[in-house]
Amino acid sequence: MEVIKTVDLGFTYPDGTTALRNIDISVSTGEMVAILGANGSGKSTLFQLFNGLLQPTSGEVFVKGLRVEKKNYKAIRRMVGMVFQDPDDQLFSNTVKQEIAYGLLNMGVTKETIPETVGWALSVVGLEGYEGKSPYALSGGEKKRVALASVLAMKPELLVLDEPTASLDPKGVAQLVRLLKKINNELNVTMIFAAHDVDIVPLLAEQVYVLNKGRIKISGATNDVFSCKEIIRSNNLRLPRVAHLVELLQRDGFSTPSELPMTIGQARRLLESETENHGVDRHDDQDI
Ligand SMILES: Nc1ncnc2c1ncn2[C@@H]1O[C@H](COP(=O)(O)OP(=O)(O)OP(=O)(O)O)[C@@H](O)[C@H]1O
Ligand SMILES: [Mg+2]
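Residues numbered from 1 in each chain as written. Chains lettered and ligands numbered in written order. Predicted model: local features only at pLDDT ≥ 70, side-chain atom pairs only at ≥ 80, totals over all residues. Heavy atoms only, no water.

This brings us to empty space enclosed by the protein. Scanning the model with the defined rule gives one cavity of 30 Å³ or more in all. For the largest cavity, the calculated volume is near 70 Å³. Of all the elements, helix H5 (residues 140-152) adds the most residues to the lining of the largest cavity, at three residues. Considered class by class, the residues forming the lining of the largest cavity number six nonpolar, no polar and two charged. (1 Å grid on protein atoms, 1.4 Å probe; cavity = no way out; pocket = protein on both sides within 12 Å on 5 of 7 lines; lining within 4 Å. Points joined across faces, edges and corners; volume = space filled by probe spheres on them. Helix = DSSP H or I, 4+ residues; strand = E, 2+ residues; numbered from the N terminus. Nonpolar A, V, L, I, M, F, W, Y, C, P; charged D, E, K, R; others polar.)

Here it is as structure tokens:
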């Protein structure tokens, strides 16, 4: 089942800036999809069209077959959880607890169940005990997690994450990658995210779309897209570091895996199968 689908979608801002043209995207249940593109390529604009924060200038958006239009906004906003690029655009309550409870109350959840759900959402993002803190008195990374917790509490079917790792420290990035995988696997939440950090993309996404000046330049399975090195670079992106290293070693005449690995885990598996180095003690959680 398609959770989100856009058909020939276009969007022009009131000042005449055309941010998106002819966008056809399709994400099925349980998939994790990345949208890549340089600054200003249209990623955040696209996301705001998914739940009606912006309305298409041309074309259409469907969420589980429901057209994104005013009469369906309520149903659609229940299904689509949006974590904004800048948490300051999202957080507005006096306490973390109120912040997370707000969406739940709006959904008509009974008051008695709220403390438990708030506690659950905070524990998922690793912020147990933060209920009484002011969202404004948190660090950038903590704000991001509270914004994610407030969306997760509503148990969305589709999680839309705009630059989820921006402003997180390296440990925070690794934790978030594991957390998003867990949410996807265990809660079966479909995800679409925008990222500048290409190293996390092959760890999370099965499918990738590359935007440039509002158009899709290439899309497909993550490894296939990153294997088109010239297209990646001409769209102001780069390869994951591991792939870049293997590419340089290849150029210098070293013996390297026949395929370009995109993650540390892939590199280890390829090296292990192509050399005699079987049975080494591997820890996949060292991928990041
Ligand atoms: N409110 C607005 N009014 C007019 N133009 C806008 C507005 N918001 C964004 N734009 C323009 O639309 C285009 C796409 O912007 P958008 O924010 O979607 O890009 P992005 O891919 O999310 O970039 P970034 O990686 O910097 O977050 C840019 O040219 C931007 O200048
Ligand atoms: Mg953006």
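Moving on from the model shown.
Moving on, we come to the coordination of the magnesium ion (ligand 2). Protein ligation of the magnesium ion (ligand 2) involves Ser44 (OG) and Gln85 (OE1), the donor distances falling in the range 2.0 to 2.3 Å. Taken as a pair, Ser44 in helix H1 (residues 43-50) and Gln85 in the loop between strand S6 (80-83) and helix H3 (96-106) lie far apart in primary sequence, 41 residues in all. Exposure remark for Gln85: the relative accessible area of 40% places this residue in the partly exposed category. (Donors = N, O, S within 2.8 Å, 3.2 Å for Na, K, Ca; no water. Buried < 20%, exposed > 50% of the residue type's maximum accessible area, 1.4 Å probe, protein only.)

Here we take up the site of ligand 1. Taken together, 14 residues lie near ligand 1, and Asn39, Gly40, Lys43, Ser44 and Thr45 sit nearest. Measuring from a nitrogen atom of ligand 1, one finds a side-chain N or O atom of Tyr13 at 3.4 Å. A distance of 3.0 Å separates an oxygen atom of ligand 1 from a polar atom in the side chain of His196. When ligand 1 sits alone it has 630 Å² of accessible area, and the protein chains cover 64% of it. Residue contributions to the shell around ligand 1 peak at three residues, all from H1. Split by residue class, the shell around ligand 1 holds three nonpolar, nine polar and two charged. (Near = heavy atom within 4 Å. Polar contact = N/O pair within 3.5 Å; in protein donor to acceptor, adjacent residues only side chain to side chain. Areas by Shrake-Rupley, 256 points an atom, 1.4 Å probe, with all protein chains shown as cover.)

It is worth spelling out the domain arrangement of the protein chain at this point. Under the domain assignment, the protein chain is made up of domain 1 (2-232) and domain 2 (240-277). A C-alpha centroid distance of 32 Å is found between domain 1 and domain 2. Between domain 1 and domain 2, the buried area comes to about 700 Å², and carbon and sulfur atoms account for 61% of it. The largest share of the area that domain 1 buries against domain 2 comes from Asp199, Asn223 and Lys229, three residues that together contribute 55% of it. One salt bridge in this structure joins Glu247 and Lys229, with 3.8 Å as the shortest N-O distance. At the surface where domain 1 touches domain 2, the tally comes to two residue pairs in polar contact (both at pLDDT 80 or more). Going through the elements one at a time, helix H7 (201-204) and helix H8 (222-227) are the ones with two or more residues in the side of domain 1 that touches domain 2. Considering each element in turn, the side of domain 1 that touches domain 2 owes the most residues, three residues, to H8. The class makeup of the residues in the side of domain 1 that touches domain 2 is four nonpolar, two polar and two charged. (Domains from an automatic or database assignment. Buried area = accessible area lost by both parts, 1.4 Å probe. Salt bridge = Lys/Arg side-chain N within 4 Å of Asp/Glu carboxyl O.)

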